[in-house]
Amino acid sequence: MTYFNEENTVEQLVLDTLTDKDSQWCVAEPQADYLDSRLTPQILNLKWHFVPAEELPRQHSDVLVESMVRDALIRLNPEIKAQPDRVDEVLYRLRTIPLSVQSEGLVRANELFAEWLRGEKSMPFGERGEHTPVRLIDFDDLSNNDYVVTNQWVYPVKEGGRRFDIIMLVNGIPLVIGEAKTPVRPAVTWVDGASDIHNGYEQSVPQMFVPNVLSFATEGKCYRYGSVRMPIDIWGPWHEGENKSEGTLADVQRSIRSMLRPHVVLDILQNFTLFATDKKHRRIKIICRYQQYEAANLMVARVVKGYPKKGLIWHFQGSGKSLLMVFAAQKLRMHHQLGNPTVMIVVDRIDLDTQITATFNAADTPNMIGAATRQELQSLLAADTRKIIITTIHKFGEADGCLNERSNIIVMVDEAHRTQEGDLGRKMRDALPNAFLFGLTGTPINKRDRNTFWAFGADEDEQGYMSRYSFQDSIRDKATLPLHFEAVDVKLHIDKDAIDEAYAQMTDQLSEEDKDDLAKRAAKMAVLIKAPTRVQAICQHIVSHYQEKVEPNGFKAQVVTFDRECCVLYKRALDELVGPETSAIVMHTQGGKGDEYAEWKLSKDEEEKLLDRFRDSEDPLKFLIVTSKLLTGFDAPILQVMYLDKPMKDHNLLQAICRTNRVYSGKTHGLIVDYLGIFDDVATALDFDEKAVQKVITNLDELKKELPGQVSKCLAFFPGVDRTVGGYEGLIAAQDCLPDNETRDSFAAEYSVLSRLWEALSPDPCLGPYKTDYKWLTQVYESVKPPSGNGKLLWHTLGAKTIELVHENVHLETVRDDLDPLVMDAEVLEELLDAKNPEKKSKEIEIKIIARLHKHKDNPKFVALGERLEKLKERHEQGLLHSLDFLKELLTLAKEVVQAEKQVDPVDEQAKAKAALTELFAEVKNGKTPVVVERIVADIDEIVRLVRFPGWQDTKAGEREVQKALRKVIYVKYKIKDQDLFDKAFGYIRQYY
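Quick caveat: nothing in here was measured; it's all calculated off a predicted structure.

Caption draft 1: Expanded view of the overall build of the protein chain. Summing up its helical and strand segments, the protein chain has 39 helices and 26 strands in all. Counting over 993 residues, the protein chain shows a buried share of 53%. For the protein chain, contacts bridging at least 24 residues in sequence account for 74% of all contacts bridging at least 6. Of the roughly 44100 Å² of accessible surface on the protein chain, 51% is carried by carbon and sulfur atoms.

Caption draft 2: Region of the structure containing the nonpolar core. Within the largest apolar cluster, 121 residues are counted, with the highest numbers of intra-cluster contacts made by Trp153, Phe164, Trp238, Leu260, Ile268 and Met412. In terms of nonpolar packing, the next biggest core, distinct from the first, is built from 29 residues, Val550, Phe555, Cys566 and Val673 among them.

Caption draft 3: How the structure looks around the packing of helix 10 (residues 262–271) against helix 12 (residues 321–334). The interhelical angle for the contact between helix 10 and helix 12, taken along N-to-C directions, is 95 degrees, at an axis separation of 10 Å. The angle between the axes of helix 10 and helix 12 places the two elements in the roughly perpendicular class. Where helix 10 abuts helix 12, its residues Asp267, Gln270 and Asn271 lie against Phe327, Gln330 and Lys331.

Caption draft 4: Looking closely at the pairing of strand 20 (residues 556–560). By the criterion of burial, strand 20 is predominantly enclosed, with five of the five residues buried. Across the two faces of strand 20 the burial is the same, with Lys556, Gln558 and Val560 and Ala557 and Val559 all buried. By the bridge criterion, five bridges tie strand 20 to strand 23 (residues 639–644) in an arrangement that is parallel. Among the inter-strand pairings, Gln558 is bridged to a residue of strand 23, identified as Met642.

Caption draft 5: View of the pattern of salt bridges. Applying the stated criterion to the full structure yields 25 salt bridges. In this structure, the salt-bridge partner of Asp384 is Arg386, at a minimum N-O distance of 3.3 Å. A salt bridge links Asp619 to Arg613; its shortest N-O distance comes to 3.0 Å. Overall, the relative accessible area of 35% leaves Arg613 in the partly exposed class. Through salt bridges with shared partners, a single network forms among Arg108, Glu111 and Arg283.

Caption draft 6: Geometry of unusual backbone geometry. Going from Tyr155 to Pro156, the amide bond is cis rather than trans, its omega being 0 degrees. Summarising the element assignment, Pro156 is placed in the loop between strand 4 (147–155) and strand 5 (162–170). Omega for the bond connecting Tyr307 with Pro308 falls within 30 degrees of zero, at -15 degrees, which places this linkage in the cis form. Mapped onto the elements, Pro308 comes out in the loop between helix 11 (290–305) and strand 11 (310–315). In this structure, Asn340 takes a positive phi of about 55 degrees despite not being glycine. Structurally, Asn340 can be placed in the loop between helix 12 and strand 12 (342–347).

Criteria and thresholds
- Residues numbered from 1 in each chain as written.
- Predicted model: local features only at pLDDT ≥ 70, side-chain atom pairs only at ≥ 80, totals over all residues.
- Heavy atoms only, no water.
- Helix = DSSP H or I, 4+ residues; strand = E, 2+ residues; numbered from the N terminus.
- Buried < 20%, exposed > 50% of the residue type's maximum accessible area, 1.4 Å probe, protein only.
- Contact = heavy atoms within 4.5 Å.
- Areas by Shrake-Rupley, 256 points an atom, 1.4 Å probe, with all protein chains shown as cover.
- Core = buried A, V, L, I, M, F, W, Y, C linked by side-chain atoms within 4.5 Å.
- Axes fitted to C-alpha atoms, helices over the stretch in contact; angles between N-to-C directions.
- Parallel < 35°, antiparallel > 145°, perpendicular 65-115°, else oblique.
- Pairing = 2+ DSSP bridges.
- Salt bridge = Lys/Arg side-chain N within 4 Å of Asp/Glu carboxyl O.

Structure (structure tokens):
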């Protein structure tokens, strides 16, 4: 019988793939467009050569195969070739690094060795004793290196030493270590291999890992890799292109063939490895994930080729965009074909102190400077500085005209969808007319973001973006965690009569118009949100929820409130409940005399210290209370739950909730507790329509055609006005052309159309010729715009009283947190995104409640049921029905449909045994229906199928069994404690024979 074991399956597969036994290297070359054209022919012929470990000329106690290192040093360094005894000096230096691993620590020793491997070290071998670089590897002509793979390598002694499954050596230096596990034992996975490396070999024989670029582990189903001392839970997969499947030997082979090619390993060593200092001042090693490698290399390839001069990169929040920028900047700066380029990183925050700057700083990136003022930016560009410049989009705001015409300026714009709005993006293009522009975004780009696609999407990119790494990708790769949502139903009972009465007494003397105005303002959402009873109830819920579900696991929380006043109200309430040391406010404040929030002002240093305390699991600080700060770019993996009490949507909502999705030991998901029912907007926030992308690009062309006519329409209001005259004379002349409200309204309507056009097109250069006129029209528009609303003074005198009045009459009914949680994993997400929203309602009522009901078309009973179905559909589509109530109504209707059927043709209906509820649901669900409702529906109908035996309703045992099954679904599986729902579902099941 043939046996499968790790040696003859996984280990042999790895060796055969690396040595290209099946000659697939050439076939599997989708990456050729990443590479310098001169390297492509070399790469196709590069292979690893297998040499059995016992045949390699080394002692078991040697980390390096020194005779191979010696040959390479002589081959690659003319100064050493001239005096071969110099090899010993270099070898002596190299041998000391593994010896220092106990005192230096593995990461530091690995960093020191990497400097030698990259050719950054020099020795005094020049003619007059000057230092010349020492090359251990030839990165320019890859065929000049010696590539060997071996297995069963033993270190440090023959008997009782550690045995490594696979070692890959370049010029005699072990750069990659692999551990293979058996594919046929279910209890064994790649994790066992990774654990052997991380918890075993790196601890007991760290010397072997001093030259290491990366290690990998596989059991023939999954392939994962990591760098020295990288926690196993962040070892990553390696995919390429659209092919991201996993689970078979063929998938593992594809990963190996893509990643462990000689040129890729050397590219990772040279350009995609960083050493940084973490928050606890420890050295850590970071190597790229596959999406960073792919996107950075695509960028480099475009710059080297010279076209297209732009590209859009959409990588989901939390999947490492900051690092992607560091890797790309590093490779671009080092690239010998680019002639010492300038790389600009453009962020959209006002200050430069962002996650990206922190990433660059932590990675000790050389030649990096920040341009914190417009003058600095202009002088750096004027002086033709060849470095990595970090600046903000706002610094281009006041730049006039061109600052530098060079074409080897590469600009990477962070959060491109936000930064490109308005004139700032256009000014940046004017300032750097020949630069390469790459936009990076972490939030899906939806149908409204036309200008993002226009600004960065190259025509050559079929779907509008150059590289995409989606939410599903990042969850599948465990680069980020799924998000779970809990809705909390905070019911506010407002005693309308009491308000009306007190209000009437208080506002006797006011005109009707003023009364209406006051009422509108008083009932604003902010007022209801800040009702003291509500604030108290929410803070109590936050504390009990946190103490019960979050704190026991060692995670922390963010509380997102409506505005700055709410920050303070919540802080006071939390202080009373859990003490002042457990929470802190982080918000924007001026801190001057007139600033009522001055006491909450934090200097940059203080804020950073506070955030470090929050990241520290031992610190008592558990809650950060915010309203707009820390909702983007804030990285604290210990943060698991966000208590959300602020209306948000689209990019802002998605960016905010993704603060909770970072990977952290023991954390399985991010959690959003939603006090306002926002989570219905998650589908909208992910409203990304790939097919619309192409349309969007053509739509912009239509808009361009409209622009000149619209400018003319607006200018036509001002015949004979000299627009070059400034000051009040010019403004009076313009205002005289708008003598009355009617004319002003007409002008405002035309100007509104123009401003929308302008926003949609910006930053297109086509706006240039109209810029002066648009600016002039905008100033005129602002000068004639009526002051906002009437009775502004009145509001200031009565405002506080009115608010107080509303608060006095707001009573809290209940806070419910037993509503269905929606789990946002990749599967749910796909269903959300794929759901077709039936927008066209049929004009006549068709009864398609159940597929077999066509024959009942003329029966008035079924027509009436059809009409009820249409109404239910309408209310659901308008968002008037909460998902739970919607489900209850659906059950009631389904019960009546079954009842009606039984009266028509019971035998026929019974034989077909179709599930009424499922078919009903298919009719009324829409794009906003939570997927969890669909699952409950399917589970209830499953019970119907299981219990269909005649007369079960007449037996106590039958009823008991069904109720037990239903309880399991509603109470246990979905945790919905709702008797009404249970009764309705049971009533519906009873209708079936």
